[in-house]
Amino acid sequence: MVFPNGTVALKEANLEIAQGEFISLIGPSGCGKTTLLRLLADLIQPSAGSIRIGGKTPEEARKSRAYGYVFQAPTLMEWRTVLQNVMLPLEVMGVPKAEHKPRAERMLALVGLGKFARHYPWQLSGGMQQRVSIARALAFDPQLLFMDEPFGALDEITRENLNLELLRLWRETGKTIIFVTHSIPEAVFLSTRIVVMTPRPGKIETVIPVDLPQPRNFETRETTRFFEIATLVREALRKGHGFEVSE
Amino acid sequence: MLPPRLARPSALWGWALLLVGFALLLWFIAAWWHQLEPASQGHKLLLVLGGLLALLGLGRVAQQFAHTPNPLVGFTPAALTLLLILILAEAWLRAYQVPPGLIPTPSRVLSTLLAVRDVLLRDAFQTVVLEALIGYLIGCSLGVITALLVSRYVFLERGLLPYATIFSSIPIVALAPVLVKMMGIDWPSKAAIVAITVFFPMVVNTFRGLTEVSPLSLDLMRSYAAGELQQYRWLRLPNALPFIFNALKLGTTLAMIGAIVGEFFGANGQGLGFRIQIEAGRFGFDIVWSAIIVASLVGIAWYNLVAWIERRLTGWHVSYR
Amino acid sequence: MLRLSPNLVPMLVVALVVLVLYWPLMYLANIPAAQRALDTGAVLPCKTALECATQLRSPVLPSPQQLWQGFGNLMFPLNSQSAIPLNAAVTALETLVGLLLAAMLGFFFAIGMVASRAFERSLLPWIVASQTVPIIAIAPMLVVVLGQYGVQGWLPKAIIAAYIAFFPITIGVAKGLKSPDPLSLDLMKTYNASSWQTYLKLRFPASVPYLFTAFKVAMTAALIGAIVAEISTISFQGIGKMLAENSRASDVVAMWVIMLSSAALGILLVALVNWVEHLATPWRRVPQREGGGR
C-alpha cells in the first residue's frame, strides 16, 4: 500500500504518520504549510533535501496516483455537470468506463449531493461546490487525502457543518488526511494530531496530540478538554515567533 | 554586454546554426543577384539546408529568450524571425525566378518604397490625416456623447443599444459604395465611412464603462450626497476611461480599414487604398507592397500613440500593475 | 427571444422615429437634385421638384417606394444568377469556409504559442502588430497572385476570408487555452494527467467561450474579406460582384438594397455563431440577470 507507515521529514523534524490518522498543519500565513503540502504532492520540487512518502518520492507517489488533493477553491470545471466533475479523475486515470458513473454517484451520495448530479457548478453554493471537490478527490479511492484550507473561504456556520461531515467521511472511509488550516478550533475539532508550524524559516514548532474521544459532534466543541487543547496550540503558535495569532 | 545565459553551450550552438544558415542564404542571394535563369537543383538544396539550419538555430536562440523580462531584449527572437522570413523570401524568389510582376522580392519592394516615397506620402496624407483621422475624431466623440446619453436614459439604453450591437456585425464594405455615391469621391465620403465604423464600438464600450460601476462605489457617492453630474465626474467617467481607450485602440485599426476600403470604391486619384487597388490591377505589386508597408507603419504608430496616451492617463488600472 | 422583451417597445419606438424622420430628410436631400434634373430638361414622369424627389434615377437618399421596388427586383426569382439570394449564399459559403480554415490555423498557432514560449516570443509580436495593420489592403493583391497559380472561383475568396479572420481567432484561442487557473492545472497534475489529457479535459473546453467570442469578431472580418476579394477580381457570383457591378452602373437604389441585404447577411451569420454557441456551451445557459451597477 502507498501509505502504510509513511515518514514525512521537514528539516530536522521527523513526523511519523500512521495509517488512518487525521493530521492538521496549522500556522500563520507564510509559515510554509501550503508549501509543505505542495512539496508532498510534488506540485513543487524542493531546492534541497529529500522527501519520502511511504518509501516513495513525492513524484512516484503522484505518478502512482496515491493521493487526492482538495484545493482552497473548488476548482470545478464549469462546463461539466457535478457528476461529470466527479468523474474527471476516473477518465484521466483510465478507469474502465462502466465504473465511472456508479462510482461518481456513490461519492456524491457520500457527500450528500446525490440529488444535484445533473446541476452545473454555478447552480451550487460555495459549500456545496467544495463538497463536490471532496467527492472528486475521493472518487479514485486514494489512501491519502491532502486538503489545503478547503473551507477557508466559507462562512463559519457552513464550515462547522462541513467539518462534521468531513469527520464522518474520514471515519467511514478510513483515509489518512493531511489538512492545512489557519483556524485553531477547526484543527482541534478535526485532528488526531496537530502540527504547529512557525514562519521565517518555516519549521515545525511542535506536534500536539488531540485526545478528544471519537465520534466527535457539536458538543465536543463545548468541552473543557477542547479549550485546553486549543490553548496549547495557541501558546505553541505564540512561542514560535512572538506575535499574536488571530484566529 | 551579453547576458550570462548566452554563454551556455546550447545557446552558442543556436547562434552558430543561425549564422551559418544566414550566411548560406545571403551568399546565394549575392551570387544570384544578376542571374536571370532559375537556380540548379543543387543550389535549391543548399537553400533548403540554409533555411533549416537558420530555423533550428532560431528555435534554440528563442529558447534562451523565453523568460526575458526586458521587452526590448525579449523582442530579439521576433526580429530574427522577420529577418529570416525576408531573407528566405528573397532567396526563394530569386532561385525560382518568380516574375517580379507577380511577387516582388523584398529588396525590390524596399527600393521601390524609396523611389516612390513622395507619392506614397501624399497618399498617406490623404488617407490617414484627411480621411481616417478626421473620421476617427468625429466618430469617437459622437460615440462618447451617445454613450453618455444612453447611460443616462434607460429608454435610450433599451431602444438604441441593441441596434449598436447589431450594427457592429454589418460589413462596412457594403456601406462604402453607397456613401461614396452619396457624398462624392473626395475625402469627406471616406471620413464618413470611418466615422460610422468607429462609432458603434465606441458607444458599446463607453456604455459598459459608464455602467459597470461597482454598486459599493455608487453607494459611496450617494453617502457623499453627490449629484448626478458629480457622480459622472468622479466615478463613472474615470471608470469608463479604460473602456474608452480600448475602443480608441480598436478604432485606429477600424479607421485605417474603413479609409482604405472606402477608397476601393472611388477616390480622387489619391490615397493608399486607391493606390493599392489601381496597382494591383496592373500588376505593380512592388508599389502595392510599399503602400501596405506605409499603411502598416502608420497603423502601428497610431495604435502605439493611443496606447501611450492611455498609459499616461490610466496608469492606475490593473492591467498595468 | 423572451430576453429581449423589455427592449422591444423602446426599440420599436426608435425604429419608428428613424422612419418618420427619414421622409423629410429624403425630400430635403433629393429636392435640389430633382430641381437640377428638371432644369436640364430631362424627360421625367413628373412635373414639380417635390414630385420628382421620390422618383429620381440616382437619388441621394432613395424613397421607401423605390427601396421596396428595388427589393422586389433584386430578390426574385430566388434562383436567378443576378438576384440577391443566390449571390448572398455564395458569399456566405466563402465566409464560412474561410472561418473554418481560420479556426484550424488559429488552433495550430495558439497551441504552438501555449506549448512553447520560444514560439510565442518569435511570432506573437507580429500577430499582435498585424492586428493594428489594415490587413484588408493585401486582399486585392492576394486574389491576383492566387489566380495566377490557378486558385480560382470561390476558393481564393475563402482563403482571403480565412487570412483576415485568422488573427482574432488565434489570439482568442491562445487566451482561452491559457485561461484555466493555476489550481485547475495543479489538479490535473495531481492526477498525473498527460499533457494531451490536460488539453483534452481542461484547456480545450476552457477555450470554447473564448473561441466563440473570437468567432463573432472574425465572422464580420471574414465577411468583409470575402466581399473585398469578390470586388477585387473578376467574379461571377457573390455580394461583392453585385456591389461592384452596380457601383459601376451607378444604380443607387440597387446599391442601397445590396447594402441592406449584406447587413442582414452579416447579422444572420453572427446570429448563427450565437446559436451554435448556445448549443455548444450548455453550461453557460444561465438565466443570469444583467450585470452592471445601475
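Residues numbered from 1 in each chain as written. Chains lettered and ligands numbered in written order. Predicted model: local features only at pLDDT ≥ 70, side-chain atom pairs only at ≥ 80, totals over all residues.

### Details of the overall build of chain C
Piece 1. Regarding its fold elements, chain C presents 11 helices and zero strands.
Piece 2. When the elements of chain C are put in sequence order from the N terminus, they spell out α-α-α-α-α-α-α-α-α-α-α.
Piece 3. Relative to its length of 294 residues, chain C is extended, with a C-alpha radius of gyration of 25 Å against a globular reference of 19 Å.
Piece 4. In terms of principal-axis extent, the alpha carbons of chain C reach across some 85 × 55 × 35 Å.
Piece 5. When each of the 294 residues of chain C is scored for burial, the buried share is 42%. (Helix = DSSP H or I, 4+ residues; strand = E, 2+ residues; numbered from the N terminus. Rg over C-alpha atoms; globule rule 2.2 N^0.38 Å. Buried ≥ 20, exposed ≤ 12 C-beta atoms within 10 Å, placed from the backbone.)

### Structural notes on the interface of chain C and chain A
Piece 1. Between chain C and chain A, the contact holds 15 residues from the first and 19 residues from the second.
Piece 2. Residue assignment for the side of chain C that touches chain A shows that the elements contributing at least two residues are helix 8 (182-190) and helix 9 (195-232) of chain C.
Piece 3. When residues of the side of chain C that touches chain A are assigned to their parent elements, the largest contribution, six residues, is made by helix 8 of chain C.
Piece 4. The residue inventory of the side of chain C that touches chain A, partitioned by class, reads seven nonpolar, five polar and three charged. (Contact = placed C-beta atoms within 7 Å. Nonpolar A, V, L, I, M, F, W, Y, C, P; charged D, E, K, R; others polar.)

### Description of helix 3 (residues 64-75) of chain C
Residue and element names in this part refer to chain C.
Piece 1. The terminal C-alpha atoms of helix 3 lie 16 Å apart, and with 12 residues this matches the ideal 16 Å at 1.5 Å per residue to within 8%.
Piece 2. Those residues of helix 3 that fall on the buried side of the exposure criterion are Gln66, Gly70 and Leu74. Seen along its axis, helix 3 keeps its buried residues to an arc of 60°; they face one direction. Across helix 3 from its buried face, at more than 90 degrees, point the exposed residues Gln65 and Gly72. (Expected span 1.5 Å × (residues − 1). Arc of directions from axis to C-beta.)

### Concerning the interface of chain B and chain C
Piece 1. Between chain B and chain C, the residue contacts involve 57 residues of the former and 51 residues of the latter.
Piece 2. Among the elements of the structure, helix 2 (41-64), helix 4 (76-95), helix 7 (154-167), helix 8 (172-183), helix 10 (215-223), helix 11 (228-264), helix 12 (272-281) and helix 13 (285-313) of chain B are those that each provide at least two residues to the side of chain B that touches chain C.
Piece 3. Classifying every residue of the side of chain B that touches chain C by side-chain character gives 40 nonpolar, 14 polar and three charged.

### Digging into the domain arrangement of chain B
Piece 1. With domains assigned, chain B is organised as domain 1 (4-98) and domain 2 (115-320).
Piece 2. For domain 1 of chain B versus domain 2 of chain B, the separation of C-alpha centres amounts to 39 Å. (Domains from an automatic or database assignment.)

### Here we look at the arrangement of the chains
Piece 1. No other pair among the two pairs of chains in contact exceeds the contact count of chains B and C.
Piece 2. For the non-touching pair chain A and chain B, the nearest C-alpha separation works out to 19 Å.

### A word on the pairing of strand 4 (residues 67-70) of chain A
Residues and elements named next belong to chain A.
Piece 1. Burial along strand 4 is two-sided: the face carrying Tyr67 and Tyr69 and the face carrying Gly68 and Val70 are both buried.
Piece 2. In this sheet, strand 5 (residues 144-148) lies alongside strand 4 in parallel orientation, the contact comprising four bridges. Along strand 5, the bridge assignment pairs Gly68 with Leu145. (Pairing = 2+ DSSP bridges.)

### Let's talk about the packing of helix 11 of chain B against helix 13 of chain B
Residues and elements named next belong to chain B.
Piece 1. Two numbers describe how helix 11 lies on helix 13: the axes approach to 10 Å, and their chain directions differ by 165°. In terms of their interaxial angle, helix 11 and helix 13 are classed as roughly antiparallel. Helix 11 and helix 13 meet at a crossing whose hand is right-handed. Residues Leu241, Phe245, Leu248, Lys249, Thr252, Thr253, Met256 and Ile260 of helix 11 lie in contact with helix 13, whose contacting residues are Ala295, Gly299, Trp302, Tyr303, Val306, Ala307, Glu310 and Leu313.
Piece 2. Looking at the contact of helix 11 with helix 13 residue by residue, the classes come out as 11 nonpolar, three polar and two charged. (Axes fitted to C-alpha atoms, helices over the stretch in contact; angles between N-to-C directions. Parallel < 35°, antiparallel > 145°, perpendicular 65-115°, else oblique. Left-handed = near helix turned anticlockwise from the far one by under 90°.)

### Quick notes on the domain arrangement of chain C
Piece 1. When cut into domains, chain C gives domain 1 (2-61) and domain 2 (84-284).
Piece 2. Taken over C-alpha atoms, the centre of domain 1 of chain C sits 37 Å from the centre of domain 2 of chain C.

### Considerations on the sheet that holds strand 3 (residues 22-26) of chain A
All names here are of chain A.
Piece 1. Overall, mixed pairing links the six strands, which are arranged 4-5-6-3-7-8 in an open sheet. Because the sheet does not close on itself, it has two edges, and the strands there are strand 4 and strand 8 (203-209). Sheet twist, expressed as the average angle between the axes of neighbouring strands with direction ignored, equals 15°.
Piece 2. On top of the sheet, helix 5 (residues 126-138) reaches strand 4 and strand 5; it is set at about 165° to strand 4, its chief contact.

### Focus on the nonpolar core
Piece 1. Formed by 151 residues in total, the largest nonpolar core has its most connected members in C:Ile160, C:Ala165, C:Ala218, C:Ala222, C:Ile227 and C:Ile258.
Piece 2. If one sorts the elements of this core by residue count, helix 9 of chain C sits on top with 16 residues.
Piece 3. By size, the runner-up hydrophobic cluster in this structure holds 74 residues, among which are A:Leu25, A:Leu88, A:Phe146 and A:Ile208. (Core = buried A, V, L, I, M, F, W, Y, C linked by C-beta atoms within 7 Å.)

### Overview of helix 4 of chain B
Residue and element names in this part refer to chain B.
Piece 1. Here helix 4 is 20 residues long and its end C-alpha atoms lie 28 Å apart, about the 28 Å a rise of 1.5 Å per residue gives.
Piece 2. Those residues of helix 4 lying buried are Pro77, Ala78, Leu80, Leu84, Ile87, Glu90, Ala91, Leu93, Arg94 and Ala95.
Piece 3. Positive backbone phi, at 50°, marks Gln97, one or two positions downstream of helix 4.

### Here's the deal with the confidence of the model for chain B
Residue and element names in this part refer to chain B.
Piece 1. On average, chain B scores 83 in pLDDT, and the residues at 70 or more come to 95%.
Piece 2. Put simply, helix 3 (residues 71-74) is where chain B has its lowest mean pLDDT, 74, and helix 6 (residues 117-152) is where it has its highest, 91.
Piece 3. The low-confidence segment residues 1-6 (pLDDT under 50) makes four contacts with residues lying over four places distant or belonging to another chain. (pLDDT = per-residue confidence, 0-100.)

### Describing the confidence of the model for chain C
Residues and elements named next belong to chain C.
Piece 1. Averaged over every residue, the pLDDT of chain C is 81; residues scoring 70 or more account for 91%.
Piece 2. By mean pLDDT, helix 2 (residues 49-52) is the weakest element of chain C at 71, and helix 4 (residues 84-115) is the strongest at 90.
Piece 3. Confidence metrics for the complex model read pTM 0.79 and ipTM 0.77.

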